[in-house]
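A structural walkthrough
Residues per chain are reported as follows:
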Amino acid sequence: MSFIRKTSNFVTGTARMAFLGGNKVYYAWLFLLVACIVQALFAYAHQYERGLISTNMRDSVSWGFYIGNFTFLVGVAAAAVLLVIPAYVYDWKPIKEVALFGEMLAVASIVMCLLFVLVDMGRPDRFWHILPGIGHMHMPSSIMAWDSIVLNVYLAINLIVASYLVYCAYHRIPYNKKIVVPLVIFSIPMAVSIHTVTAFLYNGMASRPYWNSAILAPRFIASAFCSGPALLLILFQILRKVSAFEIKDEAIHKVAELMAYAMGFNLFLFGAEIFREYYSNTHHLVHYEYLFSGLHGKASPIALYAWMSLGFAIISFLLFLIPRTRRMPLTMNIGCVLIYLSVYIEKGIALIIPGFTPDQLGQVYAYVPSAIELRVAAGVFGVGFLLFTLMVKVSVVILFERDAQPVHA
Amino acid sequence: MFFRVGSLARNRSMWGRMTRMRVVRLAAAGGWAALLLTAACGPVQEKGPRFGNVVDSAAKTTVTLFPVAPPPFSDGIFPCSQCHGPTDKVNRTPHVVDFHSEIVLHHDEKNRWCLDCHDAQNRDKLHLADGRLIDFTESYRLCGQCHGPTLRNWKAGEHGKRTGSWSGAKQYLLCASCHSPHSPHFKPLKPKAPPLRQEAIR
Amino acid sequence: MSDHTAAPLPVPAPPAEGYSRREALVMGLFALAAAATTAGCSAADKLAYEEFVQKHFRDLTPEELKDRLAGLEKKYSEQYGKSVKVSATPPIPGVLFGYALDLSRCIGCRRCVYGCVEENNQSRNPQTHWITVLEMDKEEGVNLQNADAFYDHETVPAPGKFYMPVACQHCENPPCTKVCPVEATWKEKDGIVVIDYDWCIGCRCCIAACPYGARHFNWGKPVIPKDELNPVTEYLGNRPRQRGVVEKCSFCIQRVRKGLYPKCVEVCPVGARKFGNLLDPESEIRYIIENKRVYILKEELNTQPKFFYYYGL
């Protein structure tokens, strides 16, 4: 077969695998995601027509829900590395088979990140201005420019590796280790770099003392590593039940253990920030006061979420740390959900909003996302989840179901 | 000519000495004339003259005068000599006058009154502390006698509203253009509307 | 990527070379669609297309710049029903602009705010103000955490309060120009930090990076009543902006590059504002820096603003 034939065969074949042969729950899930996307298209059309004034962002809080989600999802994308490192670097068999799913999650997350940046831009029609060559990319001083490069490189690597592996598996040919392994090894520093560069976007700004802290980058890495795999652990357990997907308990427990250490480190860094802020007791404390209670006698709309995030983090840390609760599926899954929520709040609301409140001149604007923002964000999540669902379905069929012998239990 | 000057310089006779002194006086007078001439025309700069130096013959000194906006007279009030003659009898002790009742003096009124600034004999002029008469267009010299640092800042361009061009010749306003000399303290203004709260921007 | 070796299933024979009928149909449809889009373009589309693909301001040749300005003049004149002039005045050599504000004199009347709004064609609805006047306690001094931008008294100054207007500080080491991913904002030779509204992508990194709250975003479509438009505009300054771009004080670039004072300096009723060429030893701004005790906001951030606050009294 020629390469073009093989590829078109692959495309049509995987499309068939993605959309056919699922059960009722699967189609209901697809329908839900498509509905999310469609309603978001209407919401975004409204936003594109009227401008970003249809969000609740204003000059004082100029980044909000969209960028918060972007930051969280960059962390999820980077966390795929947590599965890749043991698999390829240490050649640790139990995780190797699931590293592919980590890479697919990375692809879906980066796509969502790019979409969130696009919907947040004031002039999305001018996005080409940032492309080097035809636009004018402000290197090396703009961290946003660096971020656009590393995110797209990381997307490319994961896309190439994941599609190549699935392509080879589809055609039942062995994959070329000389192509895959260097790319995968390279994706490890790339994963660290995407999240570090995103952290630098924030902590390079001296105008925002809440972010202008050297440990923001390590905090980002730690919280990414503890939250990213949570989604995958839940996914693997679901897949194990509904399909022929195989994963050893050993692998799941190991990932959970690594997540525990990452969360422990995350809590340590958070504690270090809290100490610095409250002990030094400078004016910069106002941002933490807004985060955890409120300012000028008014309660903060995000205080409840901040405390929830902290509580969930501690509970999930303990659940993952104690071997008994780590191994018990119920407590482990509760821990996964809590850790995901905790880091979602920490990287989204609790990172962005206190950085802007009070603003540079001491004025307070209490931001909460508008309905349009929630709708568009739901649509972006819909796109990401849809992409991920289709990729997972295809991979599960190719790897675990297509060649399964009838006698297989 | 040079031969003559040279021989004049060496001539020790009485004639030589007297001529030398006459030459020196002539040279000095010429020099002063040149100086005053250029001073009166103003120093020539590429940006144009910033101010003019004039001779104050009464004090036998040169003062700096500034090109200013016209004095903010009320309609029809000037020239004051329409009503006030130079030979009128004037009561020079501070007292309340019947006329000009629309003016309320609120400018160190415990220690000052009208004739401390307005000249009693020539009402078209103001007078400095030593009695020298000045025009209304030079009123800053009078204000500066008490408000010295302010006058210094005004001359440098730091004090007062700036109009015109930031480069080259400055446009000056008189003190009285902004500060009523009888009640100089600025009255509180009603502020313009505050900015909309960002929650209200839809 | 399981490299297990299961029993290989029979591979079907490869088909004949060349495109199948399905493939040919798809390619034909694409070509048709492409042809249909390029046909039927009107002049308005052409203008929109040119605006879409225009280059960065600093990459324009002089002819392209002239055409661009002429196009903008035509567009604004039609939009506002009056003859609008758009210039791209170059900086005057040997000039570095500086600004000084006497905190002992400002009474917080906000006439500078609204003078600026009129001169610089700021949107009335949604409201944009380039200048924010902060009211603080005299006893406490400058403390931005206890500053109020929304004061509304019967008369100002209110007893015990002083006022600090804040706008773009035109820093020598600007944090905003550093972070722009497309270099839509930069510092000109005469020290003014400018924005190219046609290049800005609206990412708002600069707003996050500015320590002084000086930058403002056009969240909605800016609206200026036709009769209030100032028709003397500058490409990098006060020309009417669009939705989705950032704007800020430009030191009235359309005035100062012609030798005039910024509008706020002229409008201030108490003479609290001063402006001039920092490189001119005779200017009042130099006199202030050399003789008064000047203070800059957030000095520890090393932004080196050219906006100096001082106490004249």
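Residues numbered from 1 in each chain as written. Chains lettered and ligands numbered in written order. Predicted model: local features only at pLDDT ≥ 70, side-chain atom pairs only at ≥ 80, totals over all residues.

1. Digging into the overall build of chain C
Quick note on the threshold: Segments assigned H or I by DSSP are reported as helices when at least four residues long, segments assigned E as strands when at least two residues long, and all are numbered from the N terminus. The contact rule is simple: place each C-beta atom from the backbone, and if two of them lie within 7 Å, those residues are in contact.
A tally of helices and strands in chain C yields nine helices and twelve strands. Within chain C, residue pairs in contact and separated by at least 24 positions form 65% of the contacts whose partners lie at least 6 positions apart.

2. Some remarks on the overall build of chain B
So the rule is basically this: Each residue is classified by how many other C-beta atoms fall within 10 Å of its C-beta atom, where C-beta atoms are placed from the backbone; a count of 20 or more means buried, 12 or fewer means exposed, and values in between mean partly exposed.
Along its length, chain B carries five helices and four strands. Seen in sequence order, chain B has helices and strands lined up from the N terminus as α-α-β-β-β-β-α-α-α. Counting the 202 residues in chain B, one finds 12% classified as buried. Restricting the contact set of chain B to residue pairs at least 6 apart, pairs at least 24 apart contribute 46%.

3. Details of the confidence of the model for chain B
For clarity, the cut-off: The predictor attaches a confidence to each residue, and that confidence, scored 0 to 100, is pLDDT.
Mean pLDDT over chain B: 79, with 74% of residues reaching 70 or higher. Element-level mean pLDDT values for chain B span from 53 in helix α1 (residues 2-10) of chain B up to 94 in helix α3 (residues 139-146) of chain B.

4. With respect to helix α9 (residues 284-291) of chain C
For clarity, the threshold we go by: The arc under discussion is defined with respect to the helix axis, by the directions toward the C-beta atoms.
Every buried residue of α9 of chain C is accounted for by E284, I285, Y287 and I288 of chain C. Buried residues of α9 of chain C, seen end-on, are gathered within an arc of 160° and therefore sit on one face of the element. Residues of α9 of chain C that are buried sit in contact with α4 (148-156) of chain B together with β2 (97-102), β10 (273-277), β11 (294-295) and β12 (307-310) of chain C.

5. Things to note about the packing of α3 of chain B against α4 of chain B
Residues and elements named next belong to chain B. This is how the line gets drawn: Every axis corresponds to a line fitted to the C-alpha atoms, with the helix fit spanning only the stretch in contact, and the corresponding angles, defined between N-to-C directions, vary from 0 to 180 degrees. With respect to orientation, any angle under 35 degrees is reported as roughly parallel, any angle over 145 as roughly antiparallel, any angle of 65 to 115 as roughly perpendicular, and every other angle as oblique. Charged means Asp, Glu, Lys or Arg here, nonpolar means Ala, Val, Leu, Ile, Met, Phe, Trp, Tyr, Cys or Pro, and polar covers whatever is left, Gly included.
Across the interface, α3 lies against α4 with an axial gap of 5 Å and an inter-helix angle of 135°. Between α3 and α4, the interaxial angle falls into the category oblique. Only G148, L151 and W154 of α4 make contact with α3, whose side of the interface consists of Y140, C143 and G144. Within the contact of α3 with α4, the residues separate by chemical class into four nonpolar, two polar and no charged.

6. Observations concerning the sheet that holds β2 of chain C
All names here are of chain C. Here is the rule we go by: Any two strands between which DSSP finds at least two bridges are classified as paired.
Judged by pairing direction, the sheet is mixed, and its four strands sit side by side in the order β10-β2-β12-β11 without closing on themselves. This sheet does not close on itself; its edge strands, each paired only once, are β10 and β11. Pairing geometry for β11 and β12, over two bridges, is antiparallel. In the sheet register, V294 faces β12, and the bridge partner there is Y310.

7. A few points about unusual backbone geometry
In the segment running from T357 of chain A into P358 of chain A, the intervening peptide bond is cis, with an omega of -5°. As for its position among the elements, P358 of chain A is in the loop between α13 (349-356) and α14 (371-401). Residues F78 of chain B and P79 of chain B are joined by a peptide bond in cis, for which omega reads 5°. Topologically, P79 of chain B is positioned in the loop between β2 (61-65) and β3 (126-127). A positive phi angle, near 55°, is found at N302 of chain C, a position not held by glycine. With respect to the secondary-structure elements, N302 of chain C resides in the loop between β11 and β12.

8. What about the interface of chain C and chain A?
At the interface, 46 residues of chain C touch 49 residues of chain A. Looking at the side of chain C that touches chain A, the elements that each hand over two or more residues are β3 (132-137), α5 (175-179), α6 (205-209) and β7 (216-217) of chain C. Tallying contributions element by element places α6 of chain C first for the side of chain C that touches chain A, with four residues. Of the residues belonging to the side of chain C that touches chain A, the class tally is 31 nonpolar, nine polar and six charged.

9. Points about helix α9 (residues 285-292) of chain A
Residues and elements named next belong to chain A. Along α9, the residues that are buried comprise V286, H287, Y290 and L291. Angularly, the buried residues of α9 cover 145° about the axis, an arc narrow enough to put them on a single face. Each element contacted by the buried residues of α9 is listed here: β1 (294-295), α10 (303-321) and α13. Within two residues after α9, G294 carries a phi angle of roughly 160°, on the positive side.

10. As for the nonpolar core
Residues and elements named next belong to chain A. Rules: To count as a nonpolar core, a set of buried Ala, Val, Leu, Ile, Met, Phe, Trp, Tyr and Cys residues must be joined through C-beta atoms within 7 Å.
Within the largest apolar cluster, 207 residues are counted, with the highest numbers of intra-cluster contacts made by A77, M104, L105 and M259. A per-element tally of this core places helix α3 (residues 65-89) first, with 17 residues. Not counting residues within four places of it along the chain, the set of residues in contact with L105 comprises V76, A80, L231, L232 and F388.

11. Side note on the packing of helix α1 (residues 3-19) of chain A against α14 of chain A
Residue and element names in this part refer to chain A. Taken N-terminus to C-terminus, the directions of α1 and α14 make an angle of 105°; their axes are 8 Å apart at the nearest point. Taken as axis vectors, α1 and α14 run roughly perpendicular relative to one another. Side by side, α1 and α14 meet where T14, M17 and A18 of the first sit next to L390, K393, V394, V397 and I398 of the second. Looking at the contact of α1 with α14, its residues break down into six nonpolar, one polar and one charged.

12. Brief notes about the environment of P269 of chain C
Locating P269 of chain C in the fold gives a position in the loop between α8 (263-267) and β10. With 218 residues separating them along the chain, P269 of chain C and E51 of chain C place their C-alpha atoms 42 Å apart. If we ignore the near neighbours within four places in the chain, the residues touching P269 of chain C are L189 of chain B together with C109 and R111 of chain C.

13. What about the environment of G144 of chain B?
Looking at the secondary structure, you find G144 of chain B in helix α3. The exposure class assigned to G144 of chain B is partly exposed, which follows from the 17 C-beta atoms found within 10 Å.

14. Points about the environment of P165 of chain C
Residue and element names in this part refer to chain C. Among the structural elements, P165 can be located in strand β4 (residues 161-166). With 22 C-beta atoms packed within 10 Å, P165 lands in the buried category. Measuring from C-alpha to C-alpha, the distance between P165 and E135 comes to 8.6 Å, with 30 residues separating the pair along the chain. Ignoring any residue separated from it by four or fewer positions in sequence, one finds P165 in contact with L101, C106, C112, I131 and V133.

15. Re the confidence of the model for chain C
All names here are of chain C. Averaged over every residue, the pLDDT of chain C is 88; the share at 70 or more is 85%. In the model, residues 1-16 has pLDDT below 50 throughout and makes twelve contacts with residues more than four positions away in sequence or in other chains. The complex model carries a pTM of 0.85, and its ipTM stands at 0.90.

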